[in-house]
Amino acid sequence: MTATLPQFRRRASVAIADERLQQALDRGTGNFRRARDVAFAELPDADGLRDHFKAIRTATLADLGTYLQRWEANASAAGTRVHWARDGAEACAAVVEIAARRGATSAVKGKSMATEEIELNQALEAAGVTATETDLGDWLVQMAGETPSHIIAPAIHKTREQAAELIGRLAGRVMPEDDIPALTAAARELLRQRFLDAGIGITGGNLMVAETGSLVLVTNEGNGRMATSVPPVHVAVIGIEKVAPDWDAAAVWLSLLARSASGQPLSVYTSIVTGPRLPDDADGPEEVHVILLDNGRSNLLGGEYEEALQCIRCGACLNACPVYGEAGGHAYDSPYCGPIGAVVTPLLFGLERYEALPQASSLCGACREICPVRIDLPRMLVALRRDQEERAITPWHLRWLEGLAARILASPRRLRLATGLLRWLQRPLRGRRGLRLPGVLNPAGDRALPALAPRSFRQMWAAGELEEAGS
Amino acid sequence: MPERERVALCVTCLVDQVVPEVGVATVRLLHRAGFEVDFPADQTCCGQPFFNSGRHSEAAELARRTVAIFAPYDAVVLPSGSCTSMIAVEYPHLLEPWPEWHAQATALAAKTYELTSFLVERAGWPPAAAGRLEAGRVTYHDSCHMCRLLGSREPPRELLRRCGLEVAEMAQADRCCGFGGLFSLRLPEVSNAMTGEKLRQAEAAGGQMVVTADPGCLLQMRGMAAPDQRVEHVATVLDARAADLKSGAEASG
C-alpha cells in the first residue's frame, strides 16, 4: 500500500469522475455532519466537555505506561489474557496461534480498523482460517473485494442501489433497493449461520478502562455483541493509545464518540467485556484475549506528533474535510483516510510510502474545528511537510523552485526584476480570463491561472496615483 | 481639519501583482473612513506559502522582514484574511526561537487587522444604514483562515448589508474553495473539484456575485467560474457601493 502524489491524483480523479460515488459520499458525509451538529447543540456545554476530554487524553498519554499496566493487572485478574504486540506481524501471529490452538477454521469479525491496519484477514487466510466481516458495511466491502473507505462507514462510497445489488447477488434473488428492512433481513439470514459456526470471534475495541480492566465496544448493528459472545473464543485487537483511566473518563469518551461519529447520544450497543464467562453466566466466551497493538504508536509519545494519539477514531474529520469529500477514502490507500489518516498513516507506515498524504490538504482547518479532542491536524500536516522537505522526499525541482521564490520575495528589487520578466514572458499568453496555457502545460489543470496585472499596485503607488483616492 | 490617523497598508503579494485594483479599492475605503494610508515600499510577502510548505527558515526570514517594516505603525491593514492570520496568529509562534523578534511579532499581531474587521471595529465605517439604496443580492464565501483562525465571519457581511446589499447564504459558506496555496498546483484535480462544488453552492444561493475577502480564494474561484458567474473581492464591491451611495446622496442633496 502506497500513496505517492501521482497515485493519489490518479485515484482521486477516478473518484471525482464517478458520479454515483460522489452522490453516495455527499449524502453520507452530509448526513453525518448534520446529525453531529444537532447532537452537539443538545449538550449544555459542548465546548467545555471537549476541553475536559482534551485534558483527559493529554494527561493519560503523558502517563500511558502506568494506565496500560493498571489495565493489564485488572484485566488479567478478571481472566482476560493480555498479549503485547510490538508490530502487526506479532499481533497477527498471536491471533493465528490462538485459532490454531482452538482448532478454529472460521472466524467472525466485528468492525475493527486495527485489524485492517495489520492485515489480519490475509494472515488468517494464509493459516487456513476463513474470516467473515459482520459489520454490514465491512461485509459489503469484503464481498465486493474492496477495502473500507471511511473509518466508521466502510461502504460510504457505495449507493443504496449498489448495496442492494451486492446483497441480492449473495442472496440469489433480486433485492428491492428502497426496502432497508428486507435488505438487513437478508444480510442477517446470510450472516447468522456464520456466527453459529465460528470457532473464534475477532473484534477491535473502542477503548479500555484501566480502573476495571474492561474493554468497551460500540456498534449499531449488534454484530459486535454477537462476535464477543457467541463464539467460544473472543479476541480483540486494540491500539495501546485507547485507554481511559476510569469510568468517569470513559463516560466522557463515549458521549463524545457517538455524537461526533453519527450524531447519536450513545450508540445502539455499548458492549463492556471484563473477562470470559463466569461459571454462573448464561452465555459468553470461554476465553477472552486482548492484543495490545503498538505498531509504531509508542514512537510518537513525547514528541510533536503525540497529539495524533489522542484520536478516538470517530471519523468526524472525514465528514468535514472537503478533500476527503472529493477524493474519497480509497485515494489514501490506508485504513486511516481523511485528515487524521493523512497524519497517522505516514507516521505509522512511513512518510516515503505515503508522500502524497501530508500534501492532501488545503489546511482549511475544518478538521480541527470538528474534532471532539480538538486535535491540531493542520499543525501536524505542516510539520510532516517540513519533514518531507528536510528528508528530501519533496522532488528536487519543487524544492529548487520554492527556494528561488523565497530568495526573490526576500528583496523588493529582485521581486521587481522577476515580475518584470514574467510580465514580458506572459504577453503572448494573456487571455481575457487569465493565462491561456495549453492543457498539458497548465499545472492547474482545468483551471485558468491568473495573469500578472499590466501594472502592479506598487507601481501605481510610486507614481502617486492613489494619494487622494476615494476621499 | 484634525490630523487624520495613519495606517499602514500591507497589500499582500497577490493583490500587488495580480489584482492591484483590490489594493486601490482598499486605499479608497480607508480614505473614505478617514484614515491616512502609508504603503511601505519595502514590503514583499508575509511568508505564508513557505510556512505552509514546511520551509520554516525561509518563512521566518520573510516574517522578520515584515515585522521590521510594519513595527513602527499604529495599525496595519490587509485586504486578506489569510495573510492577516499569518501575521496575527502564526508569526508569534514562528518567531518564538528569537526572543527579541518574538516580542516584536506579538506586538505587531495585536495591531494587525483584516480590512473588514478594521472598518467595522476600528473605523466604524460606514455609518449604519448608509445604504438605503436597493442594491441587490450577493453571496459571501468565508475564507478558511479568516473564519477559523481569526474567528471573523460577521464583519464582511455586516459591511455588505450596511451598503445596502442583501447577503444570501450558500449551503456551506465556510467550505474551502479549493485554493490552499501550493495545494492547488500539487493536487489540481482535487482542488478544482472543490472549487466546482463551491461555485455550484454559490450559484444555488442566487445573487449577482460571489464575494470574498481573500485574494487567493478570489483568483481560485475566478479560474473555474463560468463566464456569467461574477466573483469579486469585498473591497472592490464596498468601494463601488460607497461611490454609488455618495453620488446618490449628492444628487438627492
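About the criteria used
Residues numbered from 1 in each chain as written. Chains lettered and ligands numbered in written order. Predicted model: local features only at pLDDT ≥ 70, side-chain atom pairs only at ≥ 80, totals over all residues. Helix = DSSP H or I, 4+ residues; strand = E, 2+ residues; numbered from the N terminus. Buried ≥ 20, exposed ≤ 12 C-beta atoms within 10 Å, placed from the backbone. Contact = placed C-beta atoms within 7 Å. Rg over C-alpha atoms; globule rule 2.2 N^0.38 Å. Domains from an automatic or database assignment. Nonpolar A, V, L, I, M, F, W, Y, C, P; charged D, E, K, R; others polar. Expected span 1.5 Å × (residues − 1). Pairing = 2+ DSSP bridges. Right-handed = clockwise from strand over helix to strand, strands pointing away. Axes fitted to C-alpha atoms, helices over the stretch in contact; angles between N-to-C directions. Parallel < 35°, antiparallel > 145°, perpendicular 65-115°, else oblique. Core = buried A, V, L, I, M, F, W, Y, C linked by C-beta atoms within 7 Å. pLDDT = per-residue confidence, 0-100.

(A) Geometry of the overall build of chain A. Along chain A, the regular secondary structure elements total 20 helices and 12 strands. For chain A, the spread of C-alpha atoms along the three principal axes comes to 95 × 55 × 45 Å. Among the 471 residues that make up chain A, the fraction classed as buried is 48%. A fraction of 73% describes how many contacts in chain A between residues 6 or more apart in sequence connect residues 24 or more apart.

(B) Quick look at the overall build of chain B. Secondary structure summary: chain B contains 13 helices and 8 strands in total. For 253 residues, the compact-globule formula gives about 18 Å, and the C-alpha radius of gyration of chain B, at 18 Å, lands near that figure. Principal axes of the C-alpha set define a box for chain B whose edges measure 55 × 55 × 30 Å. Taken over 253 residues, chain B has a buried fraction of 61%. In chain B, once contacts between residues fewer than 6 apart in sequence are set aside, the share between residues at least 24 apart is 76%.

(C) Expanded view of the domain arrangement of chain B. All names here are of chain B. Each assigned domain of chain B is listed with its residue range as follows: domain 1 (5–120) and domain 2 (126–252). The C-alpha-based centres of domain 1 and domain 2 are spaced at 21 Å. Between domain 1 and domain 2, the contact holds 29 residues from the first and 25 residues from the second.

(D) Main features of the interface of chain A and chain B. Contacts between the two partners involve 50 residues from chain A, matched on the other side by 54 residues from chain B. Looking at the side of chain A that touches chain B, the elements that each hand over two or more residues are helix H1 (5–17), helix H14 (322–327), helix H17 (377–390), helix H18 (396–409), helix H19 (412–426) and helix H20 (457–462) of chain A. Its residues placed into classes, the side of chain A that touches chain B shows 27 nonpolar, 12 polar and 11 charged.

(E) Expanded view of helix H11 (residues 188–205) of chain B. For H11(B), spanning 18 residues, the distance from its first C-alpha to its last is 25 Å, which sits close to the expected 26 Å at 1.5 Å a residue. Here H11(B) has its buried residues at B:Pro188, B:Glu189, B:Val190, B:Ser191, B:Asn192, B:Ala193, B:Met194, B:Thr195, B:Glu197, B:Lys198, B:Leu199 and B:Ala202. Tucked inside the fold, the buried residues of H11(B) contact H1 and H14 of chain A together with strand E5 (137–141), helix H10 (183–186), strand E7 (209–212) and helix H12 (215–224) of chain B.

(F) Examining the pairing of E7(B) more closely. Residue and element names in this part refer to chain B. Relative to E7, E5 runs parallel, the two sharing 3 bridges. Residue Thr139 lies in a different strand from E7, and its bridge partner there is Val210. Where E7 meets strand E8 (residues 230–233), 4 bridges bridge the pair, whose relative direction is parallel. Bridge pairing in E8 links Thr212 to His233. In this region the chain leaves E7, passes through H12 and returns to the parallel neighbour E8; the handedness of that crossover is right-handed.

(G) Expanded view of the sheet that holds strand E5 (residues 207–209) of chain A. All names here are of chain A. Reading across from one edge, E8-E5-E6-E9 is the order of the 4 strands in this open sheet, with mixed pairing throughout. The outermost strands of the open sheet, each flanked by one partner alone, are strand E8 (243–244) and strand E9 (269–273). Pairing of strand E6 (residues 214–219) with E9 involves 5 bridges; the strand directions are antiparallel. Of the residues in E9, the one forming a bridge with Val218 is Thr270. The strands touched by helix H12 (residues 247–262) within the sheet are E5, E6, E8 and E9, with E5 carrying the most contacts at an inclination of about 160°.

(H) A look at the environment of A:Arg11. All names here are of chain A. By secondary structure assignment, the location of Arg11 is in helix H1. C-beta crowding within 10 Å serves as the criterion here: with 19 such atoms nearby, Arg11 is assigned to the partly exposed category. Setting aside residues up to four positions removed in sequence, Arg11 forms contacts with His330 and Ala331.

(I) Structural context of the sheet that holds strand E10 (residues 287–293) of chain A. All names here are of chain A. Here we have 6 strands laid out as an open sheet, ordered E1-E10-E7-E4-E2-E3, and parallel in their pairing. Pairing within the sheet leaves two strands with one partner each, and these edge strands are strand E1 (81–85) and strand E3 (130–133). With direction set aside, neighbouring strand axes in the sheet form an average angle of 20°. Two strands pair when backbone bridges link them, and strand E4 (residues 200–203) and strand E7 (residues 233–239) are joined in this way by 3 bridges, in the parallel orientation. The partner of Thr203 across the bridge, within E7, is Ala236.

(J) Looking closely at the packing of H11(B) against H12(B). Residue and element names in this part refer to chain B. Two numbers describe how H11 lies on H12: the axes approach to 9 Å, and their chain directions differ by 85°. One way to sum up the angle between H11 and H12 is to call them roughly perpendicular. Contact residues: Asn192, Thr195, Gly196, Lys198 and Leu199 in H11; Gln220, Met221 and Met224 in H12. Residue composition of the contact of H11 with H12, by class: 3 nonpolar, 4 polar and 1 charged.

(K) Spatial organisation of the nonpolar core. Residue and element names in this part refer to chain A. In this structure, Ala107, Trp253, Ile291, Leu293, Cys317 and Val343 are the most contacted members of the largest nonpolar core, which totals 209 residues. The element best represented in this core is H12, accounting for 8 residues. Apart from residues no more than four positions distant in its own chain, Leu293 is found in contact with Ala85, Ala91, Ala114, Ile118, Val237, Ile238, Gly239 and Ile240.

(L) Fine view of the environment of A:Val174. Looking at where A:Val174 falls in the secondary structure, it is placed in the loop between helix H9 (160–171) and helix H10 (180–197). A:Val174 sits 10 residues away from A:Ala164 along the chain, and the two C-alpha atoms are 8.2 Å apart.

(M) Focus on the confidence of the model for chain B. Taken over all residues, the pLDDT of chain B has a mean of 94, while the share at 70 or more is 94%. Model confidence for the complex is summarised by a pTM of 0.96, with the ipTM given as 0.95.

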